Amino acid sequence: MNKDQINRWETLANKELKDKTIDSLNWLTPEDITIKPLYTENDLENINHLNELPGLDSYSRGPRATMYAGRPWTVRQYAGFSTAEESNAFYRKNLEAGQKGISVAFDLPTHRGYDSDHPRVLGDVGKAGVAIDSVEDMKILFSNIPLDKMSVSMTMNGAVIPIMANFIVAAEEQGVAKSNLTGTIQNDILKEFMVRNTYIYPPEPSMRIVSDIIEYTSKEMPKFNSISISGYHMHEAGANLVQELAFTLADGKEYVKAALSKGMDIDAFAGRLSFFFAIGMNFFMEVAKLRAARILWSKIMKEFNPKKPSSSLLRVHCQTSGVSLQEKDPYNNIVRTSYEALAATLGGTQSLHTNAFDEAMGLPTEFSSRIARNTQLIMQEELGITKVIDPLAGSYYVENLTNELTEKAWKLIQEVENLGGMTEAVSAGLPKSRIEESAAKKQAAIDQGLEVIVGVNKYKPKDHENVEILNVDNISVRKNQIDRLNQIRATRDDNICQKKLEDLENICRNKSGNILEFAVDAARNRATVGEISSALENVFGRYRANNRTLSGVYKNAYENDENFLKIQNKVELFEKNQGRRPRILVIKLGQDGHDRGAKVIATAFADIGFDVDVGPLFQTPEEAAQDAVDNDVHIIGISSQAAAHKTLVPILIDQLKKINGEEIIVVCGGVIPREDYDFLSDIGVRAIFGPGTNILDAANNLLDILLGN
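Residues numbered from 1 in each chain as written. Predicted model: local features only at pLDDT ≥ 70, side-chain atom pairs only at ≥ 80, totals over all residues. Heavy atoms only, no water.

Peer 1: An account of the sheet that holds strand β12 (residues 583–587) is requested, with residue identities and associated values reported.
Peer 2: One open sheet holds the five strands; their spatial order is β13-β12-β14-β15-β16, and the pairing between them is parallel. Of all strands in the sheet, those with a lone pairing partner are β13 (611–614) and β16 (687–689), marking the two edges. Across the sheet, the axes of successive neighbouring strands diverge by a mean angle of 20°, strand direction being ignored. As paired elements, strand β15 (residues 665–670) and β16 share three bridges and run parallel to each other. Across the sheet, G669 pairs through a bridge with F689, a residue of β16. Sitting on the sheet, helix α24 (residues 596–608) touches β12, β13 and β14 (635–640), and the angle it makes with β13 is about 160°. The sheet contacts of helix α26 (residues 645–658) involve β12, β14 and β15, and relative to β14 the element is tilted by about 165°. (Pairing = 2+ DSSP bridges. Helix = DSSP H or I, 4+ residues; strand = E, 2+ residues; numbered from the N terminus. Axes fitted to C-alpha atoms, helices over the stretch in contact; angles between N-to-C directions. Contact = heavy atoms within 4.5 Å.)

Peer 1: I'd like a rundown of α26, residues and numbers included.
Peer 2: Taking 1.5 Å per residue, 14 residues should reach 20 Å; α26 reaches 20 Å between its end C-alpha atoms and fits that length. If you check which residues of α26 are buried, you get H645, T647, L648, V649, P650, L652, I653, Q655 and L656. Next to the buried residues of α26 lie α18 (474–491), β12, α25 (621–630), β14, β15 and α27 (677–682). (Expected span 1.5 Å × (residues − 1). Buried < 20%, exposed > 50% of the residue type's maximum accessible area, 1.4 Å probe, protein only.)

Peer 1: Talk me through the environment of R489; I want residue IDs and the actual numbers.
Peer 2: Topologically, R489 is positioned in helix α18. In this structure R489 comes out as partly exposed when scored by relative accessible area, which is 26%. The sequence separation of R489 and M67 amounts to 422 residues, and the corresponding C-alpha distance is 50 Å. Leave out the neighbours within four places in its chain, and R489 touches D115, D117, T528 and E531. At 3.1 Å, the side chain of R489 and the side chain of D115 are in polar contact. (Polar contact = N/O pair within 3.5 Å; in protein donor to acceptor, adjacent residues only side chain to side chain.)

Peer 1: Just give me the short version of the pattern of salt bridges, but keep the residues and values in it.
Peer 2: Tallied over the full model, the rule gives 52 salt bridges. Of the charged contacts in the structure, one is a salt bridge between E436 and K599, with a shortest N-O distance of 2.8 Å. Taken together, the residues span a long stretch of sequence, with E436 in helix α17 (residues 430–448) and K599 in helix α24 at a distance of 163 residues. Summarising the burial analysis for this pair, E436 and K599 share the class buried. For R583, the salt bridge goes to D611, with nearest N and O atoms at 3.8 Å. You can see R583 sitting in strand β12 and its partner D611 sitting in strand β13, a full 28 residues away along the chain. (Salt bridge = Lys/Arg side-chain N within 4 Å of Asp/Glu carboxyl O.)

Peer 1: Which residues make up unusual backbone geometry, and what are the values?
Peer 2: Phi at N197 is positive, roughly 70°, even though this residue is not glycine. Its place among the elements puts N197 in the loop between α7 (190–196) and α8 (203–220). Looking at N197, the relative accessible area reads 2%, which means it is buried. A positive phi angle is found at K511, which is not glycine, with a value near 55°. Among the secondary structure elements, K511 is positioned in the loop between α19 (494–510) and α20 (515–524).

Peer 1: Summarise the side chain of S312; cite the residues concerned and give the values.
Peer 2: For S312, the position within the fold is in the loop between α12 (283–302) and β10 (316–320). When residues no more than four places from it in sequence are discounted, the contact partners of S312 are Y59, W297, S298, M301 and P306.

Peer 1: Before we move on, can you summarise the side chain of S60 with the specific residues and values?
Peer 2: By the element assignment, S60 lies in the loop between β2 (34–35) and α2 (67–70). Excluding residues within four positions of it along the chain, S60 makes contact with H49, E52, R291, R294 and I295.

Peer 1: Help me get a handle on the environment of K588, residues and values and all.
Peer 2: With respect to the helices, strands and loops of the structure, K588 is situated in the loop between β12 and α24. Under the relative-accessibility criterion, K588 is labelled buried at 3%. Along the chain, K588 and L617 lie 29 residues apart, while their C-alpha atoms are 6.0 Å from each other. From its side chain, K588 meets the backbone oxygen of H594 in a polar contact 2.8 Å long.

Peer 1: Quick one: what's the story with the pairing of strand β4 (residues 101–104), residue by residue and with numbers?
Peer 2: Residues G101 and S103 line one face of β4 and the alternating positions I102 and V104 line the opposite face, and both faces are buried. As judged from the three bridges shared by β4 and strand β5 (residues 152–154), these two strands associate in the parallel manner. The residue of β5 that forms the bridge with V104 is M154.

Peer 1: Pulling in residues and values, what's your account of helix α1 (residues 3–17)?
Peer 2: Side chains three or four residues apart in an α-helix point the same way, a direct result of the helix having 3.6 residues per turn. For α1, spanning 15 residues, the distance from its first C-alpha to its last is 21 Å, which sits close to the expected 21 Å at 1.5 Å a residue. Here α1 starts with a cap whose side-chain oxygen sits 3.2 Å from the backbone nitrogen of D4, and that cap is N2. K18 sits one or two positions beyond α1 and adopts a positive phi of about 60°.

Peer 1: Please set out the packing of aromatic side chains residue by residue, giving values where relevant.
Peer 2: Using the criterion set out here, one finds 18 aromatic pairs in the structure. Between the aromatic rings of Y39 and Y397, the centroid separation amounts to 5.1 Å while the plane-to-plane angle is 35°, which identifies the pairing as tilted. In this pair, Y39 sits in the loop between β2 and α2 while Y397 sits in helix α15 (residues 396–418), placing the two residues 358 residues apart along the sequence. A centroid spacing of 5.3 Å and a plane angle of 10° characterise the contact between F193 and Y199, whose relative ring orientation is stacked. Look at F193 and you get buried, because its relative accessible area is 8%. A connected cluster of aromatic rings, assembled from ring pairs, spans Y39, F283, F284 and Y397. The positively charged end of R112 is found above the aromatic ring belonging to F618, 3.5 Å away from the centroid. (Phe/Tyr/Trp six-rings, centres within 6.5 Å; stacked < 30°, edge-to-face > 60°. Lys NZ or Arg CZ within 6 Å of the ring centre and 35° of its normal.)

Peer 1: Can you tell me about the packing of helix α23 (residues 562–578) against helix α28 (residues 695–707), naming the residues and giving the values?
Peer 2: Packed helix pairs are specified by the crossing angle of their axes together with the interaxial distance, meaning the distance between the axes. Between α23 and α28, the least distance of the axes is 10 Å, while the angle of their chain directions is 25°. With respect to each other, α23 and α28 are oriented roughly parallel. Considering only the axes of α23 and α28, their crossing is left-handed. Packed against α23, whose contacting residues are F564, I567, K570, V571, L573, F574 and N577, the element α28 presents L696, A699, N700, L703, D704, L706 and L707 at the interface. When its residues are assigned to classes, the contact of α23 with α28 shows ten nonpolar, two polar and two charged. (Parallel < 35°, antiparallel > 145°, perpendicular 65-115°, else oblique. Left-handed = near helix turned anticlockwise from the far one by under 90°. Nonpolar A, V, L, I, M, F, W, Y, C, P; charged D, E, K, R; others polar.)

Here it is as structure tokens:
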């Protein structure tokens, strides 16, 4: 395209724009990429991947030569419903309806290595997934599902050893040899220390666990993917796309180095590594992200000199974004998920989970899950996108975005390498702080209306849409799990079981033997998830993170904003009346480690002028109440996402009364169904802030309560 053509276009465009210029149409993304209104062939100069073909070279056009024209992506819906029985029924129904693989969601006690009878998990059992305490639960979970024919993906990181052990033994007792098992275990512990927080042990022994699983599966389970390196949870915690790419792939590189340190051959395990990305609402950027990921991983793997081409191939599972789902005007979420799913497939994902529209409010119902699954089936059968291999190849815009993301992510990967690798970067807090800053900036942009969310900060509906929510009877589920645990402990040979647990503990302590191998032996003898986890904890300890809060993000975003200044004036009025600033304790209760909302609230309220304390993760209600009294706070702000609020908040309020803290104001925010609002209000919760609440509105509301307005 010559200069004369460009000049003619600019003349025409400027005439149409009248009072604007072409440059005024440029858009700066959160990744600091300038998006122009027009891309031409001139934007493709010096881009190296343009002449590639699918299945070859750096795999920018896809990992397989025929892609979906040969075989469509796998429909793999992620689900877990409180009990193994309910989850099994759900899986079987979905498999009959066209789903091709199983993806298991575990509850938080299982993630954190606790049995259901542990006192710290009172409100969490069965709430955000299926409760698995033993081989018996695992056998029920896969009852009448042939594990030699069905691919099983399990999202598990902290308690990965007991879950893998129970899965292997459940298959054995179904008559399936572990060598015939197919699927994926997430086993990505580094990202837990960055964002999701369902870790158990400190980083160093956690990395030993990762490498032991890679070693065991490469020898004993050649069809099974030993790790799924996850950028999904980084995205959900607020990472921009460059951060998601760079930190995820740097994690992958760290796991490769850990496996090689055990003397393994790169080609013996690299082909079973897989990746997991979130797909958000920036459509073309998400398409480019998956293309860039394959280019970058191929480049990284060249450093290890693999002999097999498949060792350099990035395989990816995608899930539509949960954080893009909104409680307000919720049926819009069906549209959002559909566009995100289309971006994932045009980017070349190998398998896909589509979120249900009601997951902004609670666990999906059977009704919403059917819509989510059918979204993919319609895409495969009706859109025609499986007829052509990589239909967006050669797009001026997409190829340019791919190159931009590749270069920016590579620069960040090198920054991590200069710190000594991802383990060192995580210990230094680099990824966590970068992601939390990105999350705070995004929320500030939403609150200001600079980033539009239809139905939330623009085109708001006049009436609230009532949606049926799935309610889990946590008390009943926990009782049933405890009954089964008691039966297992009463019927097993306890002497043999304890001996196997001692053997497991010894090899952890002596740094000899494969941890998973010994855990399988313990599981065969009916050691529970909690008991196996405790054996490891006795040696490795249980990790506790340090809370760090950012400052300045909201203050900078709202500089000279009239509403922001008014709220700060209210803070000053309170301080003048009370002799000190308003003090809030922001907490998470139970085993829910998703702390994006809590961190954003803490950052914003500190910038507004509050004194902010952030409680440690995984507190009991009693511990949180004591912290509030000890720190003499005015407000406790409870961030809830995993639906334990109906069990744990009443305990906290009762405890405050017992320790003379009844004057402290209790408020709740997060994923709280409107059906729960009356219950919480009746027990004394003064304000409830659901998903999509503007943070300045929340701060203003709390100051009015404090000032008696």
